[in-house]
Structures are given as C-alpha cells and as structure tokens.
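Notes for the structure review
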Amino acid sequence: MEKTKQSITSRLSYSFGAFGHDMFYATLSTYFIMFVTSHLFDKDSGATGSKMIGYITLIIMILRFVELTIDPFIGNTIDNTRPVGENLSLGSFLEVLLHQLLWYFYSLI
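Keep in mind that what you see is a predicted model, and the values were worked out from it rather than measured. (Residues numbered from 1 in each chain as written. Predicted model: local features only at pLDDT ≥ 70, side-chain atom pairs only at ≥ 80, totals over all residues. Heavy atoms only, no water.)

1. Remarks on the overall build of the chain
Per the secondary structure count, the chain includes three helices and zero strands. Counting only residues that meet the buried cut, the chain has 6% of its 109 residues in that class. Surface exposure of the chain reaches about 9800 Å², of which carbon and sulfur atoms provide 69%. (Helix = DSSP H or I, 4+ residues; strand = E, 2+ residues; numbered from the N terminus. Buried < 20%, exposed > 50% of the residue type's maximum accessible area, 1.4 Å probe, protein only. Areas by Shrake-Rupley, 256 points an atom, 1.4 Å probe, with all protein chains shown as cover.)

2. Examining the packing of aromatic side chains
Summed over the entire model, instances satisfying the criterion amount to two aromatic pairs. The interplanar angle of 20° and the centroid separation of 6.4 Å between the aromatic rings of Tyr 31 and Phe 35 together place this pair among those described as stacked. You can see Tyr 31 and its partner Phe 35 sitting in helix H1 (residues 2-40), four residues apart, about one turn around the helix. Judged by its relative accessible area of 58%, Tyr 31 falls in the exposed class. On the basis of relative accessible area, Phe 35 is assigned to the partly exposed category, the value being 32%. An angle of 90° between the planes, with centres 5.8 Å apart, marks the rings of Trp 103 and Tyr 106 as edge-to-face. Separated by three residues within a single helix, Trp 103 and Tyr 106 lie in helix H3 (residues 92-108), roughly one turn from each other. (Phe/Tyr/Trp six-rings, centres within 6.5 Å; stacked < 30°, edge-to-face > 60°.)

3. What to know about the pattern of salt bridges
Evaluated as defined, the whole model comprises one salt bridge. Measuring nitrogen to oxygen at the nearest pair gives 2.8 Å for the salt bridge that ties Arg 64 to Glu 67. Here the residue Arg 64 and the residue Glu 67 both occupy positions in helix H2 (residues 46-80), the gap between them amounting to three residues, near one helical turn. The exposure class assigned to Glu 67 is partly exposed, which follows from its relative accessible area of 35%. (Salt bridge = Lys/Arg side-chain N within 4 Å of Asp/Glu carboxyl O.)

What follows is the structure, given as structure tokens:
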C-alpha cells in the first residue's frame, strides 16, 4: 500500500511539474511571437517583415531541434556524474551546473 501511495504522489508531482513547465514555455513563446510580429517589424515593408519573421522562425526551429538532440546526452551526463568530494553533498546535477557556470563565466573573460 505504501509503495502505491508513493507512486501516485510521485506521478502527480511529476505531472504538475511538467504542466507548469509547459505553461511557462507556452506563455513565453506566445509573448515572444507577439512581440516579434507587432513591435519589431511594424515600420518595414510587408515583404521585408515577412522575410525576417521567416528567418526568426527558422532559427527558433533549428534551436529546438538542436535542443531535442542534445538533451538526452546532457541528462545521461548528469545521471552518471558522481559527487567529487566526500564533504561535497551538493548532488550530481548541482555540481554539473556549477561546473558549466564556471566555464561560462571563464569564456566571458
């Protein structure tokens, strides 16, 4: 009985988390598209605006496919990473995240 209750709680938690993530992404995407179509290209000619919207759509689509391809590899790396030190109890994901942030800030210099 305890395992079933935990399984239901786990599934509900995952479902609400996925729903919140998807709603946030949908809201952000809708705002971005509305901003691009109404504010960025309002003074250009129709042909130029349509061409630029097509380019932006193509760039977003390519980035989504790249993200779709890379995500399993990133997840596998995070799942297989072990904490480095005995006293370091940050967990594997936080350790990978901190490592990536350090490389990001280093690349800005």
